[in-house]
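# What the coordinates show
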Amino acid sequence: MKGIHVAFEARVTVEPDGIKTTNTGKGYLNLAVAVDVADSATEFVRVTAWEDEAEKLAGNIRKGDSVYVEGKATISRWTDREGAEKSGLQVSAWQVLPLGKIGRRAPKAPGQARTGTWGEPWPPRSETPAVAQTSRARHSGTLLERLDPVG
């Protein structure tokens, strides 16, 4: 593949409008994101997700959500309303993944479980017992086992 390929973590800064369609019938979703860089500087990037990726994101992503983006970067140039020349980074994404919410952004509704990507419970219920058994086996005789004598 030719071009400049990028991968970065960012925050969605504007509520997405929903899927739009090109003249040829291709669906796409535009996102405005902010990327934190060194010493409190922030770069703003426009991201376009296409077809299947856009459909997965539509309705599942909101302003303030953290995302991981992979795609091809280009510099776009335009003239603003006042006639000034502007430029910015545009990414045509082949992958946009919502990242988990932690801390203050974690779900707060009573009984609402934290979720993984696209709303599946995390960790998956089928994996929970194996993870717990492995953890106990690795930490046998530790404070964890003394606090949880059931295992």
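Once that is clear, we can look at the environment of glutamate 85. With respect to the helices and strands, the residue glutamate 85 is situated in strand β6 (residues 85-98). Residue classification places glutamate 85 among the exposed positions, given a relative accessible area of 64%. Excluding anything up to four places from it in sequence, glutamate 85 contacts Trp78 and Thr79. There is a polar contact of 3.0 Å between the side chain of glutamate 85 and the side chain of threonine 79.

The subject of this paragraph is the pattern of salt bridges. Within this structure, the stated rule accounts for four salt bridges. A salt bridge links glutamate 15 to arginine 62, with the shortest nitrogen-to-oxygen separation between them at 3.6 Å. With a gap of 47 residues between them, glutamate 15 in the loop between β1 (4-12) and β2 (20-21) and arginine 62 in the loop between α1 (51-57) and β5 (66-79) connect regions that are remote in the sequence. Judged by relative accessible area, glutamate 15 falls into the partly exposed class, the value being 36%. A salt bridge links lysine 20 to aspartate 17; its shortest N-O distance comes to 3.7 Å. By relative accessible area, which is 67% here, aspartate 17 ends up exposed.

With that settled, consider unusual backbone geometry. In most cases, non-glycine residues show a negative phi, while peptide bonds are predominantly trans. Located in the positive-phi region is glutamate 51, a residue other than glycine, with phi close to 40°. Positionally, glutamate 51 belongs in helix α1. Judged by relative accessible area, which is 39%, glutamate 51 ranks as partly exposed.

We now examine the side chain of glutamate 53. Relative to the assigned elements, glutamate 53 resides in helix α1. Overall, the relative accessible area of 9% leaves glutamate 53 in the buried class. A distance of 3.0 Å separates a polar atom in the side chain of glutamate 53 from the backbone nitrogen of valine 96. Glutamate 53 has contacts with Trp94, Gln95 and Val96, leaving out every residue within four places of it along the chain.

What follows deals with the packing of aromatic side chains. Here a ring pair, both rings aromatic, is described through the centre-centre distance and the interplanar angle of the planes. Within the structure shown, the criterion is met by one aromatic pair. Across from the ring centre of tryptophan 50, 5.2 Å away, lies the NZ or CZ of lysine 26, which sits over that ring.

Nonpolar side chains tend toward joint burial in soluble globular proteins. By size, the foremost hydrophobic cluster in this structure holds 19 residues, and its most contacted members are Phe8, Leu31, Val33, Val47, Val67, Val69 and Val96. Every element with two or more residues in this core is listed here: β1, β3 (27-37), β4 (41-50), α1, β5 and β6. Of all the elements, β3 adds the most residues to this core, at four residues.

Another aspect to go through is the pairing of β1. Here eight bridges tie β1 to β5, and the two strands are oriented antiparallel to one another. Residue pairing for β5: alanine 10 is matched across the bridge by valine 67.

Further remarks concern the side chain of threonine 48. Inspection of the secondary structure assignment puts threonine 48 in strand β4. Among the polar contacts made by the side chain of threonine 48, one reaches the side chain of asparagine 30 at a distance of 2.9 Å. Side-chain polar atoms of threonine 48 contact the side chain of glutamine 90, separated by 2.8 Å. Those residues in contact with threonine 48 that sit more than four places away from it in its chain are Tyr28, Leu29, Asn30, Gln90, Val91, Ser92 and Ala93.

About the thresholds
- Residues numbered from 1 in each chain as written.
- Predicted model: local features only at pLDDT ≥ 70, side-chain atom pairs only at ≥ 80, totals over all residues.
- Heavy atoms only, no water.
- Helix = DSSP H or I, 4+ residues; strand = E, 2+ residues; numbered from the N terminus.
- Buried < 20%, exposed > 50% of the residue type's maximum accessible area, 1.4 Å probe, protein only.
- Contact = heavy atoms within 4.5 Å.
- Polar contact = N/O pair within 3.5 Å; in protein donor to acceptor, adjacent residues only side chain to side chain.
- Salt bridge = Lys/Arg side-chain N within 4 Å of Asp/Glu carboxyl O.
- Phe/Tyr/Trp six-rings, centres within 6.5 Å; stacked < 30°, edge-to-face > 60°.
- Lys NZ or Arg CZ within 6 Å of the ring centre and 35° of its normal.
- Core = buried A, V, L, I, M, F, W, Y, C linked by side-chain atoms within 4.5 Å.
- Pairing = 2+ DSSP bridges.

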